[in-house]
Amino acid sequence: DGEVVTYEKYRYIMLHKPAGVVSATEDAQCQTVLDLITEGRKGLFPVGRLDKDTEGLLLLTNDGALAHNLLSPRKHVDKTYFAILDGEVGEKEQELFLQGLDIGDEKKTLPAKLEITDKANEVFITVQEGRFHQVKRMFTAIGSEVLFLKRITFGALPLDQSLKTGEYRALTKEEISILQLSLIHISE
């Protein structure tokens with residue numbers, strides 16, 4: 001009928017997840033990240049989870065193999081967060097994060113990188129796992145509370161700063177390559 005029809009086997013979406021939305025495909029009580037996608041959402045699912053009160057970079061895809069690899073603890077894919085804490089941290093806390101922390105699970109966390117900004121209560125933390133409430137529990141283990149948490153990178157892929165909270169867009173071919181190449185680099 002004169003209309004262009006295209007087919008994409010896999011879809012990759014970058015969402016700037018807002019606080020208050022759950023990282024799920026469906027939920028009886030709460031708005032989900034899929035509810036924010038207005039078109040072409042069939043088959044999409046979130047790659048991992050962000051806590052309901054956490055905002056930032058969340059990937060959605062229908063590519064199960066890539067999602068599995070990005071989330072596998074054996075692949076050691078970095079995830080970086082910006083956090084505002086209820087108190088200050090310093091070199092002592094940086095060393096504790098590098099050693100791994102006991103957060104009440106069977107084993108310690110993998111080593112994590114804690115970078116302090118020019119404000120000692122604002123930090124960047126890079127982890128390679130995705131345990132339940134992990135970042136918050138790590139700060140609790142050192143006597144701090146997270147007041148605000150935002151994921152800013154997943155692997156080598158940064159959150160698009162032009163995306164407002166709740167907005168999304170398709171990943172570019174270059175961004176998909178960045179994710180795939182980071183997995184190759186990690187497994188070498």
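As shown above, the structure is provided for reference.
Residues numbered from 1 in each chain as written. Predicted model: local features only at pLDDT ≥ 70, side-chain atom pairs only at ≥ 80, totals over all residues. Heavy atoms only, no water.

Draft legend 1. Examining the overall build of the protein more closely. Counting its regular elements, the protein contains four helices and nine strands. Moving toward the C terminus, one meets the helices and strands of the protein in the order β-β-β-α-β-α-β-β-α-β-β-β-α. Whereas a compact globule of 188 residues would reach a radius of gyration of roughly 16 Å, the protein reaches 17 Å, a difference of no more than 12%. The principal-axis extent of the C-alpha atoms belonging to the protein is close to 65 × 40 × 35 Å. Here the protein holds 188 residues, and the buried ones make up 44% of them. Restricting the contact set of the protein to residue pairs at least 6 apart, pairs at least 24 apart contribute 65%. As presented, the protein carries roughly 10,700 Å² of accessible surface, and 51% of it is formed by carbon and sulfur atoms. Each charge sign in the protein was given a centre, from 23 positive and 30 negative side chains, and these centres are 4 Å apart. (Helix = DSSP H or I, 4+ residues; strand = E, 2+ residues; numbered from the N terminus. Rg over C-alpha atoms; globule rule 2.2 N^0.38 Å. Buried < 20%, exposed > 50% of the residue type's maximum accessible area, 1.4 Å probe, protein only. Contact = heavy atoms within 4.5 Å. Areas by Shrake-Rupley, 256 points an atom, 1.4 Å probe, with all protein chains shown as cover. Lys, Arg positive; Asp, Glu negative; His and termini not counted. Charge placed at Lys NZ, Arg CZ, Asp CG, Glu CD.)

Draft legend 2. Geometry of empty space enclosed by the protein. According to the stated counting rule, one finds one cavity of 30 Å³ or more in the structure shown. A volume near 40 Å³ is recorded for the largest cavity. In terms of lining residues, the largest cavity is bounded by Tyr12, Ile13, Val47, Leu59, Leu60, Thr61, Leu66, Leu70, Leu171 and Leu179. Those elements giving two or more residues to the lining of the largest cavity turn out to be β1 (12-17), β3 (55-61) and α1 (64-71). Among the elements that take part in the lining of the largest cavity, β3 stands out by supplying three residues, more than any other. (1 Å grid on protein atoms, 1.4 Å probe; cavity = no way out; pocket = protein on both sides within 12 Å on 5 of 7 lines; lining within 4 Å. Points joined across faces, edges and corners; volume = space filled by probe spheres on them.)

Draft legend 3. Inspection of the nonpolar core at higher detail. Judged by nonpolar contacts, the single largest core of 29 residues is most densely connected at Phe97, Ile125, Met138 and Phe139. For this core, the elements supplying multiple residues, two or more each, are β1, β3, β4 (79-85), β6 (122-127), α3 (134-141) and β7 (146-154). Apart from residues lying up to four places away in sequence, methionine 138 is in contact with Phe97, Leu101, Ile103, Thr109, Ala112, Ile125 and Val127. Grouped together as the second largest cluster of nonpolar side chains are 17 residues, Leu59, Phe154, Leu157 and Leu163 included. (Core = buried A, V, L, I, M, F, W, Y, C linked by side-chain atoms within 4.5 Å.)

Draft legend 4. Just the side chain of threonine 153, in detail. Its place among the elements puts threonine 153 in strand β7. Only 3.2 Å separates the side chain of threonine 153 from the side chain of threonine 80, close enough to count as a polar contact. Threonine 153 has contacts with Leu57, Asp78, Lys79, Thr80 and Pro158, leaving out every residue within four places of it along the chain. (Polar contact = N/O pair within 3.5 Å; in protein donor to acceptor, adjacent residues only side chain to side chain.)

Draft legend 5. Representation of the pattern of salt bridges in the model. Following the criterion strictly, the structure yields nine salt bridges and no others. Arginine 131 is paired through a salt bridge with glutamate 129; the nearest N and O atoms lie 3.0 Å apart. Of the two residues, arginine 131 and glutamate 129, both sit in the buried class. Across the salt bridge formed by glutamate 175 and arginine 169, the nearest N and O atoms sit 2.6 Å from each other. Bridged by salt links that share partners, the residues Asp105, Glu129, Arg131 and Arg137 form one connected network. (Salt bridge = Lys/Arg side-chain N within 4 Å of Asp/Glu carboxyl O.)

Draft legend 6. Layout of the pairing of strand β5 (residues 113-116). Pairing of β5 with β6, which is carried by four bridges, proceeds in the antiparallel orientation. Directly across from isoleucine 116, in β6, lies its bridge partner valine 123. From the end of β5 to the start of β6, which pair antiparallel, there are five residues. (Pairing = 2+ DSSP bridges.)

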